[in-house]
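Below are the chains, spelled out letter by letter.
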Amino acid sequence: FLFLFFFFFPLQVLNEKKLQEVDSLWKEFETPEKANKIVKLKHFEKFQDTTEALAASTALVEGKLSKNLKKILKKIVAKDAHEQLAVADAKLGGVIKEKLNLSCIHSPMVTELMRGIRSQIEGLITGLPSREMAAMCLGLAHSLSRYKLKFSPDKVDTMIIQAISLLDDLDKELNNYIMRCREWYGWHFPELGKIITDNLMYCKCVRKVGDRSNFASSDVSDILPEEIEEDVKAAAEISMGTEVSEEDINNIIHLCDQVIEISEYRTQLYDYLKNRMMAIAPNLTVMVGELVGARLIAHAGSLLNLAKHPASTVQLLGAEKALFRALKTKRDTPKFGLIYHASLVGQSNTKNKGKISRMLAAKTALTIRYDALGENTSAEMGAENRLKVETRLRLLEERGIRRISGTGKALAKTDKYQNKSEVKVYDPSGDSTLPVVSKKRKIQEVDAQDTEVAVKAKKFKAEMK
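All of the points below concern the structure found in this document. (Residues numbered from 1 in each chain as written. Predicted model: local features only at pLDDT ≥ 70, side-chain atom pairs only at ≥ 80, totals over all residues. Heavy atoms only, no water.)

## Here we look at the overall build of the protein chain
So, step 1. On a plain count of helices and strands, the protein chain comes out with 21 helices and six strands.
So, step 2. In the protein chain, which comprises 465 residues, the proportion classed as buried is 35%.
So, step 3. The long-range fraction of contacts in the protein chain, counting pairs at least 24 apart against all pairs at least 6 apart in sequence, stands at 63%. (Helix = DSSP H or I, 4+ residues; strand = E, 2+ residues; numbered from the N terminus. Buried < 20%, exposed > 50% of the residue type's maximum accessible area, 1.4 Å probe, protein only. Contact = heavy atoms within 4.5 Å.)

## Looking at the packing of aromatic side chains
So, step 1. If you walk through the whole model with that rule in mind, you get three aromatic pairs.
So, step 2. Here Phe 189 and Phe 215 contribute two aromatic rings whose centre-to-centre distance is 5.4 Å and whose plane-to-plane angle is 70°, an arrangement assigned as edge-to-face. Of this pair, Phe 189 sits in the loop between α8 (157-186) and α9 (191-195) while Phe 215 sits in the loop between α10 (199-209) and α11 (226-237), placing them 26 residues apart in sequence. Here Phe 189 and Phe 215 have matching classes, each one buried.
So, step 3. Consider the rings of Phe 336 and Tyr 340, whose centres lie 4.8 Å apart with planes at 40°: the pair is tilted.
So, step 4. Residue classification places Phe 336 among the partly exposed positions, given a relative accessible area of 23%.
So, step 5. Classification of Tyr 340 by relative accessible area gives partly exposed; the value is 37%.
So, step 6. Stacked on the ring of Tyr 202, the Lys or Arg Arg 182 has its end atom at 4.4 Å from the ring centre. (Phe/Tyr/Trp six-rings, centres within 6.5 Å; stacked < 30°, edge-to-face > 60°. Lys NZ or Arg CZ within 6 Å of the ring centre and 35° of its normal.)

## Comments concerning the packing of helix α19 (residues 353-373) against helix α20 (residues 380-398)
The description of two helices packed together rests on the angle between their axes and the distance between the axes.
So, step 1. As a packed pair, α19 and α20 sit with axes 10 Å apart at the nearest point and diverge in direction by 175°. With respect to their mutual orientation, α19 and α20 come out roughly antiparallel. Here Lys 355, Ile 356, Met 359, Leu 360, Lys 363, Leu 366, Thr 367 and Tyr 370 of α19 lie close against α20, whose contacting residues are Met 381, Gly 382, Asn 385, Lys 388, Val 389, Arg 392, Leu 393 and Leu 396. (Axes fitted to C-alpha atoms, helices over the stretch in contact; angles between N-to-C directions. Parallel < 35°, antiparallel > 145°, perpendicular 65-115°, else oblique.)

## Notes on the packing of helix α12 (residues 246-280) against helix α14 (residues 290-300)
So, step 1. For the pair α12 and α14, the least separation of the axes is 10 Å and the interaxial angle reads 75°. Between α12 and α14, the angle is such that the two are roughly perpendicular. On α14, the residues that touch Tyr 270, Leu 273, Lys 274 and Met 277 of α12 are Glu 290, Leu 291, Gly 293, Ala 294 and Ile 297.
So, step 2. Residue composition of the contact of α12 with α14, grouped by class: six nonpolar, one polar and two charged. (Nonpolar A, V, L, I, M, F, W, Y, C, P; charged D, E, K, R; others polar.)

## Some words on helix α2 (residues 50-61)
So, step 1. With twelve residues, α2 extends 16 Å from end C-alpha to end C-alpha; this agrees with the ideal 16 Å at 1.5 Å per step.
So, step 2. When α2 is considered as a whole, its buried residues turn out to be Ala 53, Ala 56, Ser 57, Thr 58 and Ala 59.
So, step 3. Looking one or two residues past α2, Gly 63 carries a phi angle of roughly 75°, positive in sign. (Expected span 1.5 Å × (residues − 1).)

## Concerning the pattern of salt bridges
So, step 1. Taken as a whole and assessed by the stated rule, the structure comprises eight salt bridges.
So, step 2. A salt bridge links Asp 168 to Arg 295; the shortest N-O distance between them is 2.7 Å. Of this pair, Asp 168 sits in helix α8 while Arg 295 sits in helix α14, and the two are 127 residues apart along the sequence.
So, step 3. The exposure class assigned to Asp 168 is partly exposed, which follows from its relative accessible area of 26%.
So, step 4. Exposure remark for Arg 295: the relative accessible area of 28% places this residue in the partly exposed category.
So, step 5. Note that Glu 183 and Arg 180 form a salt bridge whose closest N and O atoms lie 3.5 Å from each other. In this pair, Glu 183 and Arg 180 both sit in helix α8, three residues apart, roughly one turn of the helix.
So, step 6. By relative accessible area, which is 46% here, Glu 183 ends up partly exposed. (Salt bridge = Lys/Arg side-chain N within 4 Å of Asp/Glu carboxyl O.)

## Here we look at unusual backbone geometry
So, step 1. Despite not being glycine, Lys 330 shows a phi value in the positive range, around 60°.
So, step 2. Of note, Lys 330 is situated in the loop between α17 (320-329) and α18 (343-347).

## Topic: a negative patch on the surface
So, step 1. A cluster of like negative charges, contributed by Glu 226, Glu 227, Glu 230 and Asp 231, occupies part of the molecular surface.
So, step 2. Tracing the sequence through the fold places Asp 231 in helix α11. (Patch = residues over 30% accessible without salt bridge, like charges linked within 9 Å, V, L, I, M, F, W, Y side chains within 5 Å. Areas by Shrake-Rupley, 256 points an atom, 1.4 Å probe, with all protein chains shown as cover. Lys, Arg positive; Asp, Glu negative; His and termini not counted. Charge placed at Lys NZ, Arg CZ, Asp CG, Glu CD.)

Put into structure tokens, the structure is as follows:
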């Protein structure tokens, strides 16, 4: 029998008749003395370190035959090849029988026997203090649990959820602080807000100068461009703002310090989020960007939960209220949720946003599952799928009906688009239903009309006489 803690130790059964009574087998392991009458230690081999023990334990969990176990079985068990080898895992027994040609047995009796041996493990193995054995078992259990959960310090999606939530909170606070700062300082120098549109630049300028009367003698070329600096100094001389005390200016400067400090921390947090996203979900990041990808993960709860969602759910994630409202009122359902903020959806026109969001959601669902369940950490799959979506977007924009085939590396080549415009002349003949009369009259018709006019004129003169 093979047991694994920080060591391998095969055990040999001494009394096989006692094993036939499965229901009462636990009584034979009530004390260490009774246990030693049933089984005895056959061989003992200790692991070198935690890594070796973890490798052997994970191989057993997955039903594989490790190198150390193979050596022990060849050395010890092969001598007694006529006897059966009891294993707790039927899958492992099949592998041992296939590779080493040893007869293995797995039954309820073996399970009950294993349970009894675990209860009296300290009495069966002498020379190991109970405290040391408990520490080794606990360390290996922690390592094995981390492996089962695929735990890695570089791949923790909880950090992404917290980071994106904090980033959204910082944006809200920054907007409130900047609005308050502009409104507060605007009573003293209202023209500055129209000249300087950048919020961070505005706060840095206010913090450095303070009172508007100091703009004329202050050098803010390290903050503002030369043209804007001249406009600010000219506006400061003719400003219509009210005068404020020095205490008011100090409070405004303190608020500007807070805005600048939060802005710098936000930049640092964004870089941290970008690195984390590339470590945990590189393909998802390539497809939709780090911000949209992080919001999708935060909305689903974890990357694994997001991988369980179908493409249709990924497309509408974040638009649940609008979806159920549309279903309740029997109106058109929404076409996109959080994925609307992806760059590919933003590039398309209004008519094609629904089609692109649907295709992008389908490809994004594939990349999410690849990141969550795959072993490879490269972003090649995300790049290929993004190229396919971009090609589809370009075809829709050009209104070309072509078939997309092949992988992202060898896409079907598209012909250069040439616009063939035909100039059509308007035909006014279709406007009237009257028969068309030629404008050019014949010479005989003109002479006949002149003769008639002359005759009528003579008759009119004769009547007048």
